[in-house]
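Single-letter residue listing:
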2 protein chains.
Amino acid sequence: LGVLFYYLHTVRFAVTILGSGAAIPANGRNPSSQLVEIRNHLLLLDCGEGTQMALRKFVPGIQRISHIFISHLHGDHFYGLVGLISSFHLLGRINPLHIYGVPELKEIIDLQLKHSRTELVYPLEFHEIDPDKAEIIVENEHFFVKTIPLNHRIPTCGFIVSEKPLKRNIRKDFVNTADVPVNSFEKIRAGADFVDADGKVYPNSSITTDPPRTKSYAYCSDTTYHEPIVNIIRGVNLLYHEATFANDKQKDAKEKLHATAREAARIALQAGVGRLVIGHFSARYRDPEILLDEAREIFPDTIAAEDGLTIEL
Amino acid sequence: LGVLFYYLHTVRFAVTILGSGAAIPANGRNPSSQLVEIRNHLLLLDCGEGTQMALRKFVPGIQRISHIFISHLHGDHFYGLVGLISSFHLLGRINPLHIYGVPELKEIIDLQLKHSRTELVYPLEFHEIDPDKAEIIVENEHFFVKTIPLNHRIPTCGFIVSEKPLKRNIRKDFVNTADVPVNSFEKIRAGADFVDADGKVYPNSSITTDPPRTKSYAYCSDTTYHEPIVNIIRGVNLLYHEATFANDKQKDAKEKLHATAREAARIALQAGVGRLVIGHFSARYRDPEILLDEAREIFPDTIAAEDGLTIEL
């Protein structure tokens, strides 16, 4: 059972909404933040005020968060960051914390740590990103993260979190019939053919099956309707796209460089994504029903973000 | 009834606890913040992360907050400030907001507003304070605020909020018997004698009674046991004193320049205050019972801060 539990976690890919509201906290919605669990790694996308409280409420083991990505420097996307950094410090964190954002974010963090005379007990590694480029900013054997240039009032980017392919699965009938040394397993899983003691060659394609297809999650935090997004996020399994306004507020959306629910759905439709989750609802909407209805007219497989909601990919 | 309601508000003096926890948000307690309502003015003492959410939960009309006082630059006392400033902006605030803190706080505010490209729609007036001095930093006809130098790891001060005396009350029997022109009322209430049409002098002391005694609230945010506080806060009606630890953690308290519940009570006792409220409880105390018990052994009239608790003076 322990092994099963471990396996389930190593393949789990899920997004938990920590804050689904827009700039002004209202209607019980926190400002933007999402936790991504991917193959036993925890990543945080944005970190609005109150994120550390939401994490304590919804997520066990928050010190496991290894990477934090900040989409832009509007307060509702990062005012909880320095508090979280400080709490990690007070809780005696050991592991490095990797933070990705525009260079100005580092200035803001450093100034506050300086004036509180805090010398962090763990390594904080800041990685500058260029929000105008679509590029891979993190890559390891389990996942990679790529930026998505967005169109907002200040430099802003979203993020795609993608699984790396798992190794191939060895066919059970082959293991049962051929005499395969255990130390050949990893090579076969990596794609090698197998040659037995008699010199007989078993081509890899005949002794393995494809691993599960990799999945991707795209997070488009704050943006106006922006078609260049479509090519970058094409085919992701799950897309989060902001939907600050309903259609009758299209003018406000344009002016403030935000999107309507319909626009979010149009992006989802054009990009052929699996599912769409909308959020960043303006404080005027106590209930996101109208936004959900408008999005579903264009892209039926749409859900509304709620604080605490976990979506499995 | 409207007049009565107005009167009750103009004389109301109350403290609402918005955050009663220490550095790490835990046990459902927000970090430090308190709202003081004094004669229809709203003042905020400290502004930890999540203060704007707590304000929305507990306080109607938050735009009425006119003054914010920040005791020191540890994050649990001010990480909610820039979020609140931004929300006031987004909500179209008009009235000036007065902020009191060490000069470095202004740097922190300015940097974040700059990088979010926010030009506030209302006047933000920053007032530098010197936390090493006990001095009046705000004074008007209704109240005054004085700093209390505290002893913590970084420069820190508390605040005393005091009512200004109301005018004298004119005796009903005098108004009923003498022929007093309405335009003399204010002079008499301010302390003048009254001379009637025949030249008869009514000494003020015989025609008025004393107004209610003024009340004071002292807020001692983060400090080790520090006897110089006693003389500054002597006789206040209500004292808030931090009580981060129970007595068995006295060593931690000394090291971290925090106070135990007993030490808070000893300050209250020596200063002869009316009541004591303790708070800033370490995350280790799920329930502040032990802290309350220890304080009450020394100063019986002690209560424990709880988020949302309002204490009338």
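Residues numbered from 1 in each chain as written. Chains lettered and ligands numbered in written order. Predicted model: local features only at pLDDT ≥ 70, side-chain atom pairs only at ≥ 80, totals over all residues. Heavy atoms only, no water.

## Structural notes on the overall build of chain A
Piece 1. A count of helices and strands for chain A gives eleven helices and 18 strands.
Piece 2. Judged by the C-alpha coordinates and their principal axes, chain A covers about 75 × 55 × 35 Å.
Piece 3. Among the 313 residues that make up chain A, the fraction classed as buried is 55%.
Piece 4. When the accessible surface of chain A is summed, it comes to about 13600 Å², and 52% of that surface belongs to carbon and sulfur atoms.
Piece 5. Of the side-chain charges in chain A, 34 are positive and 39 negative, and the distance between the mean point of each set is 2 Å. (Helix = DSSP H or I, 4+ residues; strand = E, 2+ residues; numbered from the N terminus. Buried < 20%, exposed > 50% of the residue type's maximum accessible area, 1.4 Å probe, protein only. Areas by Shrake-Rupley, 256 points an atom, 1.4 Å probe, with all protein chains shown as cover. Lys, Arg positive; Asp, Glu negative; His and termini not counted. Charge placed at Lys NZ, Arg CZ, Asp CG, Glu CD.)

## Some thoughts on the packing of helix α4 (residues 103-115) of chain A against helix α4 (residues 103-115) of chain B
Piece 1. For the pair α4 of chain A and α4 of chain B, interaxial distance at closest approach is 10 Å and the crossing angle is 165°. In terms of axis orientation, α4 of chain A runs roughly antiparallel to α4 of chain B. Along this stretch, α4 of chain A crosses α4 of chain B, giving a crossing that reads as left-handed. Together, E104, E107, I108, L111, Q112 and H115 of chain A of α4 of chain A and E104, E107, I108, L111, Q112 and H115 of chain B of α4 of chain B make up the contact between the two elements. (Axes fitted to C-alpha atoms, helices over the stretch in contact; angles between N-to-C directions. Parallel < 35°, antiparallel > 145°, perpendicular 65-115°, else oblique. Left-handed = near helix turned anticlockwise from the far one by under 90°. Contact = heavy atoms within 4.5 Å.)

## What about the sheet that holds strand β7 (residues 136-139) of chain B?
Residues and elements named next belong to chain B.
Piece 1. Sheet architecture is open: seven strands sit in the order β7-β8-β9-β14-β15-β16-β17, paired in mixed fashion. Of all the strands in the sheet, just β7 and β17 (302-304) have a single pairing partner and so form its edges. Adjacent strand axes in the sheet meet at a mean angle of 15°, parallel and antiparallel pairs treated alike.
Piece 2. Relative to strand β16 (residues 275-279), strand β15 (residues 238-242) runs parallel, the two being bridged by five bridges. (Pairing = 2+ DSSP bridges.)

## Describing the pattern of salt bridges
Piece 1. Overall, the coordinates contain 23 salt bridges over all chains when judged by the stated rule.
Piece 2. Among the salt bridges present, the one from R171 of chain A reaches D173 of chain A, with a minimum N-O distance of 3.4 Å.
Piece 3. You can call R171 of chain A partly exposed: its relative accessible area is 33%.
Piece 4. For R12 of chain B, the salt bridge goes to E37 of chain B, with nearest N and O atoms at 2.8 Å. Here R12 of chain B is found in the loop between α1 (2-11) and β1 (13-19), whereas its partner E37 of chain B is found in strand β2 (residues 33-38), with 25 residues between them in sequence. (Salt bridge = Lys/Arg side-chain N within 4 Å of Asp/Glu carboxyl O.)

## A word on empty space enclosed by the protein
Piece 1. Evaluation of the coordinates by the stated rule reveals two cavities of 30 Å³ or more.
Piece 2. Forming the walls of the largest cavity are F78, Y79, V82, G83, I108 and Q112 of chain A together with F78, Y79, V82 and Q112 of chain B.
Piece 3. A per-class count over the lining of the largest cavity returns seven nonpolar, three polar and no charged.
Piece 4. By volume, the second largest cavity is sized at about 30 Å³.
Piece 5. If you go around the second largest cavity, the residues you meet are G21, A22, I24, A26, N27, R29, F281, S282 and A283 of chain B.
Piece 6. Split by residue class, the lining of the second largest cavity holds five nonpolar, three polar and one charged. (1 Å grid on protein atoms, 1.4 Å probe; cavity = no way out; pocket = protein on both sides within 12 Å on 5 of 7 lines; lining within 4 Å. Points joined across faces, edges and corners; volume = space filled by probe spheres on them. Nonpolar A, V, L, I, M, F, W, Y, C, P; charged D, E, K, R; others polar.)

## Points about the environment of S32 of chain A
Residues and elements named next belong to chain A.
Piece 1. Structurally, S32 can be placed in the loop between β1 (13-19) and β2 (33-38).
Piece 2. Under the relative-accessibility criterion, S32 is labelled buried at 3%.
Piece 3. When the C-alpha atoms of S32 and F78 are compared, they prove to be 8.2 Å apart, with 46 residues separating the residues in sequence.
Piece 4. Not counting the four nearest positions on each side in its chain, S32 is found in contact with G19, G21, D46, C47, G48, T51, D76, H77, Y219 and H280.

## Comments concerning the relation of the copies chain A and chain B
Piece 1. Rotating chain A by 180° about the axis while translating it 0.0 Å along that axis superimposes it on chain B, leaving an RMSD of 0.0 Å. As the rotation angle and translation indicate, the two copies are arranged about a two-fold axis. Scanning chain A for the C-alpha nearest the rotation axis identifies G50 of chain A, at a separation of 2.7 Å.
Piece 2. Here 100% of the contact residues of chain A are again contact residues in chain B; the copies associate through an equivalent surface. (Least-squares fit on C-alpha atoms with pLDDT ≥ 70 in both.)

## Details of the sheet that holds strand β7 (residues 136-139) of chain A
All names here are of chain A.
Piece 1. Ordered by their spatial adjacency, seven strands build an open sheet running β7-β8-β9-β14-β15-β16-β17, and the pairing between neighbours is mixed. Of all strands in the sheet, those bounded by a partner on one side alone are β7 and β17 (302-304). Taken over all neighbouring pairs, the strand axes of this sheet differ in orientation by 15° on average, direction set aside.
Piece 2. Note that strand β14 (residues 216-220) and strand β15 (residues 238-242) share four bridges and pair parallel. Among the inter-strand pairings, A218 is bridged to a residue of β15, identified as L239.
Piece 3. Helix-sheet contacts for helix α11 (residues 289-298) involve β16 (275-279) and β17, and the interaxial angle to β17 is about 170°.

## Thoughts on helix α2 (residues 51-58) of chain B
Piece 1. Buried residues of α2 of chain B: T51, Q52, M53, A54 and L55 of chain B, and no others.
Piece 2. Those residues of α2 of chain B that are buried are in contact with β1, β2, β3 (41-47), β4 (65-69) and α3 (81-90) of chain B.

## Overview of the packing of aromatic side chains
Residue and element names in this part refer to chain A.
Piece 1. Scanning all chains against the criterion turns up 16 aromatic pairs over all chains.
Piece 2. Ring centres 6.4 Å apart and planes at 80° place the aromatic pair F88 and Y122 in the edge-to-face group. Taken together, the positions of F88 in helix α3 (residues 81-90) and Y122 in the loop between α4 and β6 (124-128) put the pair 34 residues apart, joining distant regions of the chain. Comparing F88 with Y122, the two get one shared label, buried. (Phe/Tyr/Trp six-rings, centres within 6.5 Å; stacked < 30°, edge-to-face > 60°.)

## Considering the confidence of the model for chain A
Low pLDDT means the predicted coordinates in that region are not meant to be read closely.
Piece 1. Mean pLDDT over chain A works out to 94, with 97% of the residues at or above the 70 mark.
Piece 2. Interface confidence for the predicted complex, given as ipTM, is 0.87, next to a pTM of 0.89. (pLDDT = per-residue confidence, 0-100.)

## Describing the interface of chain A and chain B
Piece 1. At the interface, 35 residues of chain A touch 35 residues of chain B.
Piece 2. At the boundary of chain A with chain B, total buried surface from both sides reaches about 2900 Å², with 62% on carbon and sulfur atoms.
Piece 3. Its largest share of buried area at the contact with chain B, chain A owes to E49, Y79 and H115 of chain A, together 23% of the area lost on that side.
Piece 4. Counting across the interface, chain A meets chain B through zero salt bridges.
Piece 5. Between the two partners, chain A and chain B, sit eight residue pairs in polar contact (both at pLDDT 80 or more).
Piece 6. Elements with a contribution of two residues or more to the side of chain A that touches chain B: α2 (51-58), α3 and α4 of chain A.
Piece 7. Of the residues forming the side of chain A that touches chain B, the biggest block, six residues, is contributed by α4 of chain A. (Buried area = accessible area lost by both parts, 1.4 Å probe. Polar contact = N/O pair within 3.5 Å; in protein donor to acceptor, adjacent residues only side chain to side chain.)

## Here we look at the state of the cysteines
Residue and element names in this part refer to chain A.
Piece 1. Under the counting rule described, the total for this entry stands at zero disulfides over all chains.
Piece 2. In this model C47 remains outside any disulfide bridge; the closest cysteine sulfur is found in C157, 16 Å from its own.
Piece 3. Of the residues examined, C47 reaches a relative accessible area of 0% and is grouped as buried. (Disulfide = S-S within 2.5 Å.)

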